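In case you want the letters, here they are:
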Amino acid sequence: MMLPKPRGAFSSEVFEALRSDPARLIASGLPEAESPDDRAITLWALYELHFRGFEDVPEDLEWHPAALQLRSDLESDLEARLRSRWVAGAPEGDFAEAFFAFVADHDGPSLARFVQTEATEEQVLDLLRMRSIYHLKEADPSAWAVPRLDTAPKAGLVELLYDEYGAGDPNRLHHHLFARGLEEIGLRSEYGAYVDDVPAEVLEQNNAMALFGLHRRLRGAAMGHLAAFEATSSMPSRRMVAGLERLGLDATMIGYYSEHVTADAAHEQVAVRAICGALLDREPALWDDVFFGAFTCMDLEDRVADHLLGRWQEPA
Amino acid sequence: MTAPEFDHADIEICPGGPLLLRGDHVVRDAEGRSHQTTGPLSAVCRCGKSAAAPWCDGTHKLLPADKRP
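What you see is a predicted model, and the numbers here were worked out from it, not measured in a lab.

Caption draft 1: Broad picture of the sheet that holds strand S5 (residues 41-44) of chain B. A sheet is described by the order of its strands in space; here three strands give the open sequence S1-S2-S5 (chain B), paired in antiparallel fashion. The strands lining the two open edges of the sheet, one partner per strand, are strand S1 (11-13) and S5 of chain B. Going across the sheet, the axis of each strand differs from the next one's by a mean of 20 degrees, ignoring polarity. Where helix H13 (residues 251-282) of chain A meets the sheet, its contacts fall on strand S2 (19-22) and S5 of chain B, and the angle it forms with S5 of chain B comes to roughly 100 degrees.

Caption draft 2: Local environment of the packing of helix H8 (residues 151-164) of chain A against H13 of chain A. All names here are of chain A. Running from amino to carboxyl end, H8 crosses H13 at an angle of 160 degrees, the nearest separation of the two axes being 7 Å. Our classification of the angle between H8 and H13 gives roughly antiparallel. At the point where H8 passes H13, the crossing takes the left-handed sense. The residues of H13 that touch H8, namely those facing Ala-152, Pro-153, Gly-156, Leu-157, Glu-159, Leu-160 and Asp-163, are Ala-263, His-267, Val-270, Ala-271, Ala-274, Ile-275, Ala-278, Leu-279 and Arg-282. Grouping the amino acids of the contact of H8 with H13 by side-chain chemistry returns 11 nonpolar, two polar and three charged.

Caption draft 3: Geometry of the pairing of S2 of chain B. All names here are of chain B. Looking at chain direction, S1 and S2 are connected through three bridges and run antiparallel. The residue of S2 that forms the bridge with Ile-11 is Leu-21. What sits between S1 and S2 in their antiparallel hairpin is a turn of five residues, with Gly-16 showing a positive phi close to 75 degrees. Judged from the four bridges that link them, S2 and S5 form a sheet pairing that is antiparallel.

Caption draft 4: Inspection of the nonpolar core at higher detail. Residues and elements named next belong to chain A. Counting 103 residues, the largest nonpolar core has Phe-99, Met-223, Ala-227, Ile-275, Cys-276 and Ala-294 as the members making the most contacts within it. Two domains each provide a minimum of three residues to this core, namely domain 1 (9-84) and domain 2 (91-312). Not counting residues up to four positions away in its chain, the partners in contact with Phe-99 are Ala-227, Val-272, Cys-276 and Ala-294.

Cut-offs used in this document
The numbers attached to residues start from 1 for each chain and follow its sequence in the written order. Written order determines the labels here, with chains lettered from A and ligands numbered from 1. This being a predicted model, a pLDDT of at least 70 is required before a residue's local features are given, and a value of 80 or more before pairs of side-chain atoms are given or counted; all residues contribute to the totals for chains, interfaces and linings. One requirement defines pairing of two strands: DSSP has to find at least two bridges between them. By the criteria applied, helices consist of DSSP H or I runs no shorter than four residues and strands consist of E runs no shorter than two, each listed in order from the N terminus. To obtain an axis, a line is fitted to C-alpha atoms, over the contacting stretch when the element is a helix, and the angle between two such axes runs from 0 to 180 degrees between their N-to-C directions. Once C-beta atoms are placed from the backbone, any two residues with those atoms within 7 Å are in contact. Each angle gets one of four labels, with under 35 degrees taken as roughly parallel, over 145 as roughly antiparallel, 65 to 115 as roughly perpendicular, and the rest as oblique. Less than a right angle of anticlockwise turn of the near helix away from the far helix marks a crossing as left-handed, whereas a clockwise turn marks it as right-handed. When residues are grouped by polarity, Ala, Val, Leu, Ile, Met, Phe, Trp, Tyr, Cys and Pro land in nonpolar, Asp, Glu, Lys and Arg in charged, and all others, Gly among them, in polar. Each nonpolar core consists of buried Ala, Val, Leu, Ile, Met, Phe, Trp, Tyr and Cys residues. Their C-beta atoms, within 7 Å, join them into a set. Counting other C-beta atoms within 10 Å of a residue's C-beta gives its exposure: the residue is buried at 20 or more, exposed at 12 or fewer, and partly exposed in between, where C-beta atoms are placed from the backbone. The source of the domain bounds is an automatic or database domain assignment.

What follows is the structure in structure tokens.
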């Protein structure tokens, strides 16, 4: 993958520096970000250095001090904005019960419901392009938390990841299933292929997962995010299956979503009980962060849904 | 104790939710048909409302609390 298209003067300068002159990454010499898009694509690219990197960026820039400082500045801004949206606070009580109720009580717009009942084929393809940014590295940011957890939550997380990663069979690896679904439906399956097409809301959704995954101090938020992701997957996946079937789309992509109906019904139990529950038994001080991560997962999905539904429902 | 023996089960009843299975199992449904698990983690419906029976599809979450298993 090559660096994405810049979305303003800030990302333009940063990307040029990443290609040719990392000394220019010093924040004081860079222009201000022009927009949320300009800021989000820059942070996304800096995070990407820790995932698969770019063909036009030297590999050793992953740990270049100026790149890390710039990333840190952008992360502070992102984390502060995410925390400022979380005003309700964490519930109390039995963790699993409180967590499932917290997720159930969250009311947001549903892209899956729209796909089930009224989306056109073009709108579904649009959504799949958006989803491809994460689904082609599904579970990867959560994997960063493994060495940061104590015995019981670590065992739970690895158990879940083992299933996500195909239990040893590359053909069953979830992001590979999604890649095959994309190809069968006529979309590009290369990692990051559609990053230039996605709005800031999708970039931020991905950036939040990298933020939580890369920082040990945010391990509670990382696991809360994972648990909320799993706990909001089965029923929406079922709606996606119904919508894709309604439109007569390819069976491979339908298979990807139908796999998630039953797989995530098991994963949500593991994520809530064996990962987050076990984590909080050991580190009760992380209670609020687990809920912060869960809230952020659902809040960012709402923002993606608002953006897409707004765009699709604009009068022609 | 710093390295305790953990309480861990292969088959776990999730309060209000499914039966969580770890490992390979064959599950016989109410009509007598057998279903092989397909991955390391599976959830068997306990509420009787799943559209993917015998597997859980999360439908229990739509039921009132007193109707959940």
